[in-house]
Amino acid sequence: LLVCAMRSGAWVVLDEINLAPNDILQRIQGLIEPSLGMQLALPESGDGHVVPHREFRIFACMNPPRLPVPPAAVATDDSSSQTGMVTESA
């Protein structure tokens, strides 16, 4: 589907990309990092490199990491105790 979207100029949303395996992330790196020139390497298919249509767009989204709430924080903060999780803040 990705190659078809690239060739036709469609838009692709990759949700929760942080959960993708490293080999997938390495493969699509050429589409996400503009400094590399936008292309997708597909040596096993015989295409070599697929250069996308000028209207092709890719959006990579990820959720922030979630950390377990320490037991002391659960006892003092009622809003966090409902989920048992807290988002990491920068």
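Just so we're clear, the structure is a prediction, and the values are computed from it rather than from any experiment.

So, on to the overall build of the protein. Of the regular secondary structure elements, the protein holds 4 helices and 6 strands. Across the protein, helices and strands are ordered from the amino to the carboxyl terminus as α-β-α-β-β-β-β-α-α-β. Accessible surface, the protein: about 6,600 Å² in total, of which carbon and sulfur atoms supply 58%.

According to the stated counting rule, one finds 1 aromatic pair in the structure shown. Where Trp-11 meets Phe-59, the ring centres are 5.5 Å apart and the plane angle is 55°; that geometry is what we call tilted. Placement of Trp-11 in strand 1 (residues 11-14) and of Phe-59 in strand 4 (residues 57-60) is noted, with a sequence separation of 48 residues between them. The class for Phe-59 is partly exposed, based on a relative accessible area of 37%.

Turning next to the pattern of salt bridges. Throughout the structure, instances matching the rule amount to 1 salt bridge. In this structure, the salt-bridge partner of Arg-54 is Glu-55, at a minimum N-O distance of 3.1 Å.

It is worth spelling out the environment of Pro-64 at this point. Structurally, Pro-64 can be placed in the loop between strand 4 and strand 5 (66-68). C-alpha of Pro-64 to C-alpha of Asn-18: the two residues are 46 residues apart in sequence and 9.0 Å apart in space.

What follows deals with the environment of Phe-56. Considering the arrangement of structural elements, one finds Phe-56 in the loop between strand 3 (48-50) and strand 4. In the structure, Phe-56 is positioned 45 residues away from Trp-11 in sequence and 5.6 Å away in space, judged by C-alpha atoms. Residues contacting Phe-56, with those up to four places away along its chain left out, are Leu-2, Ala-5, Met-6, Gly-9, Ala-10, Val-12, Leu-31 and Met-38.

Regions with low pLDDT should not have their predicted coordinates read in detail. Across the protein, the average pLDDT comes to 79, with 76% of residues at or above 70. Per-element mean pLDDT across the protein ranges from 51 in helix 4 (residues 78-81) up to 95 in strand 1.

The next point concerns the environment of Val-12. Tracing the chain through its elements places Val-12 in strand 1. Distance from Val-12 to Phe-56, taken between C-alpha atoms, is 8.0 Å for residues 44 residues apart in sequence.

What follows covers the nonpolar core. In this structure, Ala-5, Met-6, Val-12, Ile-17, Ile-28, Leu-31, Leu-40, Leu-42, Val-50, Phe-56 and Ile-58 together form the largest nonpolar core, which totals 11 residues. Discounting residues that sit within four places of it in the chain, Leu-40 has contacts with Leu-2, Val-3, Met-6, Arg-27, Ile-28, Leu-31, Gly-48, His-49 and Val-50.

What counts and how
Numbers given to residues run from 1 along each chain, matching the order in which its sequence is written. Local features in this predicted model are restricted to residues of pLDDT 70 or higher, and side-chain atom pairs are both shown and tallied only at a pLDDT of 80 or more, whereas totals for entire chains, interfaces and linings draw on every residue. Processing note: side-chain calculations cover all non-hydrogen atoms of the structure and skip hydrogens and water entirely. Only DSSP runs of H or I reaching four residues or more are called helices, and only runs of E reaching two or more are called strands; each is numbered from the N terminus. Method for areas: the Shrake-Rupley scheme with a 1.4 Å probe, in which residue coverage is limited to the protein chains shown. What counts as a ring pair is set by centres within 6.5 Å for rings of Phe, Tyr and Trp (its six-membered ring), and what kind of pair is set by the plane angle: stacked under 30 degrees, edge-to-face over 60, tilted for all other angles. Type-normalised accessible area, obtained with a 1.4 Å probe on protein chains alone, sets the label of each residue: buried when under 20%, exposed when over 50%, and partly exposed for intermediate values. Think of a salt bridge as a Lys or Arg side-chain nitrogen and an Asp or Glu carboxyl oxygen that are within 4 Å of each other. Between two residues, a contact is recorded if the distance between any of their heavy atoms is within 4.5 Å. Here pLDDT means the predictor's own confidence in every residue, given as a number from 0 to 100. The nonpolar core is taken to be a set of buried Ala, Val, Leu, Ile, Met, Phe, Trp, Tyr and Cys residues, with the residues joined through side-chain atoms within 4.5 Å.

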